[in-house]
Amino acid sequence: MKTLIEFKKVTKEYQIGEVPIKALNGVDFSISEGEFVVVLGASGAGKSTILNILGGMDTATSGQVFVGGQEISQLSEKKLTEYRGEKVGFVFQFYNLIPNLNALENVEFAAEVCKDHLDAQDILHKVGLSDRIRNFPSQLSGGEQQRVAIARAIAKNPLLLLCDEPTGALDYVTGKSVLKLLQDLNTETKKCIVLVTHNSAIAPMADKIIKVKSGKIESVMINPKKQSVEGIEW
Ligand SMILES: Nc1ncnc2c1ncn2[C@@H]1O[C@H](COP(=O)(O)OP(=O)(O)OP(=O)(O)O)[C@@H](O)[C@H]1O
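Residues numbered from 1 in each chain as written. Predicted model: local features only at pLDDT ≥ 70, side-chain atom pairs only at ≥ 80, totals over all residues.

Colleague: Honestly, the site of the ligand in this entry has me stumped. Any pointers?
Modeller: Taken together, 13 residues are adjacent to the ligand, and Tyr14, Ala23, Ser43, Ser48 and Thr49 come closest. Counting residues per element, the shell around the ligand draws most heavily on helix 1 (residues 47–54), at 3 residues. Per-class residue counts for the shell around the ligand are 5 nonpolar, 7 polar and 1 charged. (Near = placed C-beta within 6 Å. Helix = DSSP H or I, 4+ residues; strand = E, 2+ residues; numbered from the N terminus. Nonpolar A, V, L, I, M, F, W, Y, C, P; charged D, E, K, R; others polar.)

Colleague: Quick question: what am I supposed to make of the packing of helix 3 (residues 103–111) against helix 5 (residues 142–155) here?
Modeller: For any two helices packed against each other, the geometry is given by the interaxial angle and the distance between the axes. Where helix 3 contacts helix 5, the two axes come as close as 8 Å, and the packing angle between them is 30 degrees. By the angle between their directions, the pair helix 3 and helix 5 is classed as roughly parallel. Helix-helix and strand crossings are classified by hand; for helix 3 and helix 5 the assignment is right-handed. Along its contact with helix 3, which presents Ala103, Asn106, Val107, Ala110 and Ala111, the element helix 5 presents Val148, Ala151, Arg152 and Ala155. Its residues placed into classes, the contact of helix 3 with helix 5 shows 7 nonpolar, 1 polar and 1 charged. (Axes fitted to C-alpha atoms, helices over the stretch in contact; angles between N-to-C directions. Parallel < 35°, antiparallel > 145°, perpendicular 65-115°, else oblique. Left-handed = near helix turned anticlockwise from the far one by under 90°. Contact = placed C-beta atoms within 7 Å.)

Colleague: Explain the sheet that holds strand 9 (residues 208–213) to me, please; I cannot follow it from the model alone.
Modeller: Spatially, 6-7-8-3-9-10 is the arrangement adopted by the 6 strands of the open sheet, whose pairing is mixed. In this open sheet, the two strands that pair with only one neighbour each are strand 6 (88–91) and strand 10 (216–222). Mean inter-strand twist for the sheet, computed between neighbouring axes without regard to direction, equals 15 degrees. Direction of pairing for strand 3 (residues 36–40) relative to strand 9: parallel, over a ladder of 4 bridges. Bridge assignment links Val39 to a residue of strand 9, and that residue is Ile210. Across the sheet, helix 6 (residues 172–189) is in contact with strand 3, strand 7 (160–164) and strand 8 (192–197); its angle to strand 8 comes to roughly 155 degrees. (Pairing = 2+ DSSP bridges.)

Colleague: Quick question: what am I supposed to make of the pairing of strand 2 (residues 19–32) here?
Modeller: As a general feature of sheets, a regular strand has side chains that alternate between the two faces. Bridge count between strand 1 (residues 3–16) and strand 2: 11 bridges; the pairing is antiparallel. Note on strand 2: the bridge partner recorded for Phe7 is Phe29.

Colleague: Which parts of the structure should I look at to understand the environment of Lys225?
Modeller: Residue placement: Lys225 occurs in the segment after strand 10. Between the C-alpha atoms of Lys225 and Pro204, which are 21 residues apart in sequence, the distance is 7.6 Å.

Colleague: Please explain the environment of Lys180 as it appears in this structure.
Modeller: With respect to the secondary-structure elements, Lys180 resides in helix 6. Classification of Lys180 as partly exposed rests on a count of 15 C-beta atoms within 10 Å. Sequence separation between Lys180 and Gly68 is 112 residues; the distance between their C-alpha atoms is 26 Å. Ignoring any residue separated from it by four or fewer positions in sequence, one finds Lys180 in contact with Val229 and Glu230. (Buried ≥ 20, exposed ≤ 12 C-beta atoms within 10 Å, placed from the backbone.)

Colleague: Hey, could you run me through unusual backbone geometry in this one?
Modeller: At Glu165, a residue that is not glycine, the phi angle is positive and equals roughly 45 degrees. Residue position: Glu165 is located in the loop between strand 7 and helix 6. In this structure, Ser214 takes a positive phi of about 45 degrees despite not being glycine. Secondary-structure assignment places Ser214 in the loop between strand 9 and strand 10. For Ser214, a count of 14 C-beta atoms within 10 Å corresponds to the partly exposed category.

Colleague: Would you mind going over the nonpolar core with me for this structure?
Modeller: The tendency in soluble globular proteins is for nonpolar side chains to be buried as a group. The biggest cluster of nonpolar side chains holds 62 residues, and the ones touching the most others in it are Val37, Val107 and Val194. In terms of residues, this core owes the most to one element, helix 5, which gives 7 residues. Look past the residues within four positions of Val194 in its chain and what remains in contact with it is Ile31, Val37, Val39, Leu51, Leu54, Leu160 and Leu162. (Core = buried A, V, L, I, M, F, W, Y, C linked by C-beta atoms within 7 Å.)

Colleague: Teacher, can you tell me more about helix 6 here?
Modeller: Because an α-helix completes one turn every 3.6 residues, residues spaced three or four positions apart along the sequence face the same direction. Taking 1.5 Å of rise per residue, the 18 residues of helix 6 would be expected to cover 26 Å, and the 26 Å separating its terminal C-alpha atoms lies within 8% of that figure. Residues of helix 6 that are buried include every one of Gly175, Val178, Leu179, Leu181, Leu182, Gln183, Leu185 and Asn186, and no others. A positive phi of about 60 degrees marks Lys190, the residue just after helix 6. (Expected span 1.5 Å × (residues − 1).)

Colleague: Explain the UniProt feature "domain: ABC transporter" (unreviewed entry) in the protein here, please?
Modeller: UniProt annotation of "domain: ABC transporter" (unreviewed entry) refers to residues 5–233 when read in the numbering used here. For residues 5–233, the end-to-end C-alpha separation is 30 Å, with 29% helix and 29% strand making up the annotated structure. (UniProt positions renumbered as here; feature names shortened; annotations may be inferred.)

Colleague: What's the story with the pairing of strand 1 in this structure? I'm lost.
Modeller: If you look at the hairpin formed by strand 1 and strand 2, you'll find 2 residues sitting between the two strands, and Gly17 has a positive phi there, around 60 degrees. Sheet topology places strand 1 next to strand 4 (residues 62–67); 5 bridges connect them, and they run antiparallel. Residue pairing across strands places Glu6 opposite Phe66, the latter belonging to strand 4.

Now the structure itself:
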């Protein structure tokens, strides 16, 4: 399969007072088109830093990052903003919906600025919220709000979908249904999904598992026996 993402010798340093903190220390990996990737690691390992650099929300101190043949580590601030807006869908632990817009408006608002955006109503139907589109975030459960956030990310028709602990604020059953939605979207749309978590139990749902430890890649594992989320317990 064609390579979509490449990290080459990526480092990220933060200067706090006198002491530099190496959040990433020579990170190399690649991800193919259509892959569902889980990035695993303990707190502080560097997972979110990887995701933020991949999403153009942060930049590497050194090294190269390629996405869809474009070297995003060389982009100007303006081009990086375009990349972030057009090519990347984000899903976070907290849903960050706009409280005074209903579900449909939240999705439309995000999608409309993108050239190839998808129909907001169709996407809300796909995530199982056909009958809640006129509801405001405060009228939706946590799981439903996360579905709106996923619809908002997907409606942009991005090149890749980045999820940072997307089930972190949800109970077990709701979290599992959100993971199933992400897995189904990946299967149906062949959109590349990179999901960051500290929960190693969900690794079997991925095509590839990247383990991060102290700012370095500990291992990259291809999973030939990918499992459906329904079959995984934790
Ligand atoms: N803006 C920042 N300024 C200084 N240090 C930072 C900053 N962001 C991250 N770090 C440090 O970089 C390291 C990696 O952080 P990162 O957030 O990527 O870890 P993580 O694996 O996502 O952790 P968690 O699961 O707790 O979110 C940590 O030591 C963290 O304290």
